[in-house]
2 protein chains.
Amino acid sequence: MLGKSDVEHLLTMKDALESVEEAYKIYGKRALVQPPIVSIDAEIGELDIKSCYSKETDLISIKSASGFWRNKDLGLPSLLATVTLLDSKTGSPLCMMDGSLITGYRTGAAGGLSCKYLARKDSKLVGIIGAGNQARMQLMAIKEVLDIEQVKIWALSLDSMILFKKEMEILGVEVTICETAKEACDVDILVTTTPSKEPIVKSDWVKPGTHIVAVGADAEGKQELDPDLYLKARAFCDSISQVTALGETRNAIEAGTLNVSDLKELSDLVLEDKYGRTTREEITLFDTTGMGIQDTCLATLLYNKAKSLKLGKDFDFLS
Amino acid sequence: MLGKSDVEHLLTMKDALESVEEAYKIYGKRALVQPPIVSIDAEIGELDIKSCYSKETDLISIKSASGFWRNKDLGLPSLLATVTLLDSKTGSPLCMMDGSLITGYRTGAAGGLSCKYLARKDSKLVGIIGAGNQARMQLMAIKEVLDIEQVKIWALSLDSMILFKKEMEILGVEVTICETAKEACDVDILVTTTPSKEPIVKSDWVKPGTHIVAVGADAEGKQELDPDLYLKARAFCDSISQVTALGETRNAIEAGTLNVSDLKELSDLVLEDKYGRTTREEITLFDTTGMGIQDTCLATLLYNKAKSLKLGKDFDFLS
């Protein structure tokens, strides 16, 4: 059993990147069973169950993750999650861990990984729309894979931007607070991390050579990008079936600005260890809604680390 | 955290019957969100995830249950399960418990409950096909609701029947080992509990007034009853959508011996507290594949009992 402080102690963004890279390889080989996401609408909040069986590592993970926004009033985190790791040769539960940090890290790592394979290698300037937890996670991950020096941030709340600037400058990047979303789009790498239901980023704000990471839209009705962006971008994603149902890409397909046949999965590049950008000028775009296999791989890494450090508490369900 | 011995200490068939009756009421009112079952085929075994949100009690349960038949060689139980109970107002996990006994008890209780509402009230003689764990559970549950004196058992293995007889006679019933399946069908209540893929029970073996509990068939390809039985029986089930996809009823619909519109849910009787048999002579049939809400209600009862007895171990995921 691993509590949040155990996970906090064990987890680094480097681990998350390594795990997500492994996850994408397993997904690329289709050496997995990844059932549909179960979503329970509990009126004032939502609970999602993501599960996955990795044939490569003989492990199954089940993550239940909830978002209850009124929890703040009760002194509880809004986002709560637990991950159970099971042995796929016996069905035995091996480890249960707090999962509230796992989703953030592995989602950040997916964005970072897309930059490794698609952004210009001399990218220095990142623009981020939204200044919440994912804004931080994405930046941490991108900083691991590229030599980022400067960040432009834009969000609805000035306070949240000031807090972001304060926290992120400690990490060694210069943060500029933008007055308009447009300003934050004039960058090498553009990351969108909001729960917006209306497009924020206009197509003509994005200059040639930009790599876009679309993180916020993960459900029907959510949208951060002008669908016309897809007309001039090469589109990648984590899972075609998921992003066409739930992601930003869904909006482009509905608007008729993208043919599904032109959409590629990042895992193909990862599996072949192939840098995917073909010219300095092209715009690339990565849309992610997150996959169970990312949880499986990251939870496995944490479980192995905890075992070798003898961290956590024992509990035997069969006793 | 509740281990298997805690659950064993807390759990009675009376509790299971009470919980399943409550579960059917909640289901009858549709005061729940019960997502589709997630099934992961792990080659040498299978893992199922059943989840449910009860609006009536503001609780969510997630049960992962696995069947790995080679576990015996490793000294592990074939059936393993854990249930997590969460607060549907915050998403916080409240309790994790071993779930290996829960499925058996709540499945037995569903059969028992169907006898309370559909079997003749003076039923004394139960016939059981199959002599495994569910045969015991069904008998225990039926004995709670009716004054059962005698049991006829038939199974493929004589050893399993001898063991069943030995164990069940301690509970105060006379057990007769049958030489043929037909013999075991000449009873007041007939229960089928095998994983058979071919019909065992012939339609003309079943006499007027019998109540049938069909438990074994819970997946495509499984079958215990001659579909012609449906021509002369009034058919009930736990969930129309589930049994027509996975249960014994599926076979009858495919064979054209039942119209879905003639199929009733037991929860309607439970909700109205209405005895469902209309004549002594009619044959009634209850098909069950099990529902998440049964796990929610039984896990809730166990959690409350454990709290009041201060049983189990504390573990704080957020610490």
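Residues numbered from 1 in each chain as written. Chains lettered and ligands numbered in written order. Predicted model: local features only at pLDDT ≥ 70, side-chain atom pairs only at ≥ 80, totals over all residues.

1. Details of helix α3 (residues 100–118) of chain B
Move 1: When the terminal C-alpha atoms of α3(B) are compared, their 28 Å separation across 19 residues agrees well with the 27 Å that a helix rising 1.5 Å per residue should span.
Move 2: Where burial is concerned, most of α3(B) is hidden: 19 out of the 19 residues are buried. (Helix = DSSP H or I, 4+ residues; strand = E, 2+ residues; numbered from the N terminus. Expected span 1.5 Å × (residues − 1). Buried ≥ 20, exposed ≤ 12 C-beta atoms within 10 Å, placed from the backbone.)

2. Quick look at the interface of chain B and chain A
Move 1: Taken residue by residue, the interface counts 42 residues in chain B and 42 residues in chain A.
Move 2: Contributing elements (two or more residues each) for the side of chain B that touches chain A: α1 (4–10), β2 (38–41), β3 (46–54), β4 (59–67), β5 (79–87) and β6 (93–98) of chain B.
Move 3: Its residues assigned to classes, the side of chain B that touches chain A comprises 22 nonpolar, 14 polar and six charged. (Contact = placed C-beta atoms within 7 Å. Nonpolar A, V, L, I, M, F, W, Y, C, P; charged D, E, K, R; others polar.)

3. Examining the sheet that holds strand β12 (residues 233–237) of chain B
All names here are of chain B.
Move 1: With parallel pairing, the eight strands of this open sheet are ordered in space as β9-β8-β7-β10-β11-β14-β12-β13. Edge positions in the sheet fall to β9 (174–177) and β13 (264–265), since each has one partner strand and no second.
Move 2: Helix α4 (residues 133–145) contacts β7 (125–129), β8 (150–154), β10 (189–192) and β11 (211–214) of the sheet and is inclined by roughly 165° relative to β7.
Move 3: Taken strand by strand, helix α5 (residues 158–169) contacts β8 and β9, and its axis lies near 170° from that of β9. (Pairing = 2+ DSSP bridges. Axes fitted to C-alpha atoms, helices over the stretch in contact; angles between N-to-C directions.)

4. Concerning the relation of the copies chain B and chain A
Move 1: The transform that puts chain B on chain A rotates by 180° and translates by 0.0 Å along the axis, for an RMSD of 0.1 Å. Taken together, these values place the two copies in the relation of a two-fold axis. Relative to the rotation axis, the C-alpha of B:Val38 is the closest in chain B, positioned 4.0 Å from it.
Move 2: The fraction of interface residues of chain B whose copies in chain A are also interface residues reaches 100%, indicating that both copies meet through the same surface. (Least-squares fit on C-alpha atoms with pLDDT ≥ 70 in both.)

5. A closer look at the sheet that holds strand β11 (residues 211–214) of chain A
Residue and element names in this part refer to chain A.
Move 1: Strand order across the open sheet formed by eight strands is β9-β8-β7-β10-β11-β14-β12-β13, with parallel pairing between neighbours. Each edge of the sheet is formed by a strand with only one pairing partner; in this case those strands are β9 (174–177) and β13 (264–265).
Move 2: In terms of strand pairing, strand β12 (residues 233–237) meets strand β14 (residues 283–287) through five bridges, oriented parallel. Within β14, the position partnered with Ala233 by the bridge is Ile283.
Move 3: Sheet strands touched by helix α3 (residues 100–118): β10 (189–192), β11, β12 and β14. Its angle to β11, the strand with the most contacts, is close to 160°.
Move 4: Against the sheet, helix α4 (residues 133–145) contacts β7 (125–129), β8 (150–154), β10 and β11, and its axis sits at roughly 165° relative to β7.

6. Details of the nonpolar core
Move 1: Core analysis: the biggest nonpolar cluster contains 206 residues, and A:Ile153 and B:Ile153 have the highest contact counts within it.
Move 2: For B:Ile153, the contacting residues outside a window of four places in its chain are B:Ile128, B:Ala131, B:Met161, B:Phe164, B:Lys165, B:Val175, B:Ile177, B:Cys178 and B:Ala184. (Core = buried A, V, L, I, M, F, W, Y, C linked by C-beta atoms within 7 Å.)

7. Brief notes about the environment of B:Val175
Residues and elements named next belong to chain B.
Move 1: Tracing the sequence through the fold places Val175 in strand β9.
Move 2: Each C-alpha atom, one on Val175 and one on Leu125, is 9.9 Å from the other, the two residues being 50 residues apart in sequence.
Move 3: Beyond its immediate stretch of four places on either side in the chain, Val175 contacts Val151, Ile153, Phe164, Lys165, Met168 and Glu169.

8. Some points on the domain arrangement of chain A
All names here are of chain A.
Move 1: You can read the domains of chain A as domain 1 (4–102 + 293–309) and domain 2 (118–290).
Move 2: Here domain 1 and domain 2 have C-alpha centroids that lie 24 Å from each other.
Move 3: Taken together, the contact between domain 1 and domain 2 spans 11 residues of the former and 10 residues of the latter.
Move 4: Per element, the largest residue contribution to the side of domain 1 that touches domain 2 is 10 residues, and it comes from helix α2 (residues 13–29).
Move 5: Broken down by class, the residue content of the side of domain 1 that touches domain 2 amounts to five nonpolar, two polar and four charged. (Domains from an automatic or database assignment.)

9. Quick look at the packing of helix α2 (residues 13–29) of chain B against α3(B)
Residue and element names in this part refer to chain B.
Move 1: It is the contact of α2 with α3, at a shortest axis distance of 8 Å, that shows an interaxial angle of 70°. The orientation of α2 with respect to α3, classified from their angle, is roughly perpendicular. Facing α2, whose interface residues are Met13, Ala16, Leu17, Ser19, Val20, Glu21 and Tyr24, α3 presents Tyr105, Arg106, Gly108, Ala109, Ala110, Gly112 and Leu113.
Move 2: Looking at side-chain class alone, the contact of α2 with α3 contains nine nonpolar, three polar and two charged residues. (Parallel < 35°, antiparallel > 145°, perpendicular 65-115°, else oblique.)

10. Things to note about the confidence of the model for chain A
Move 1: Taken residue by residue, chain A gives an average pLDDT of 97. The fraction at 70 or more is 100%.
Move 2: Overall fold confidence for the complex sits at a pTM of 0.93, while the interface term, ipTM, reaches 0.92. (pLDDT = per-residue confidence, 0-100.)

11. Let's talk about unusual backbone geometry
All names here are of chain A.
Move 1: One non-glycine residue, Arg30, adopts positive backbone phi at about 55°.
Move 2: Tracing the backbone through its elements, the reader meets Arg30 in the loop between α2 and β1 (32–33).
Move 3: Arg30 gets classed as exposed once you count the C-beta atoms within 10 Å, which come to 10.
Move 4: Even without being glycine, Asp58 reaches a positive phi, approximately 55°.
Move 5: In this structure, Asp58 sits in the loop between β3 (46–54) and β4 (59–67).

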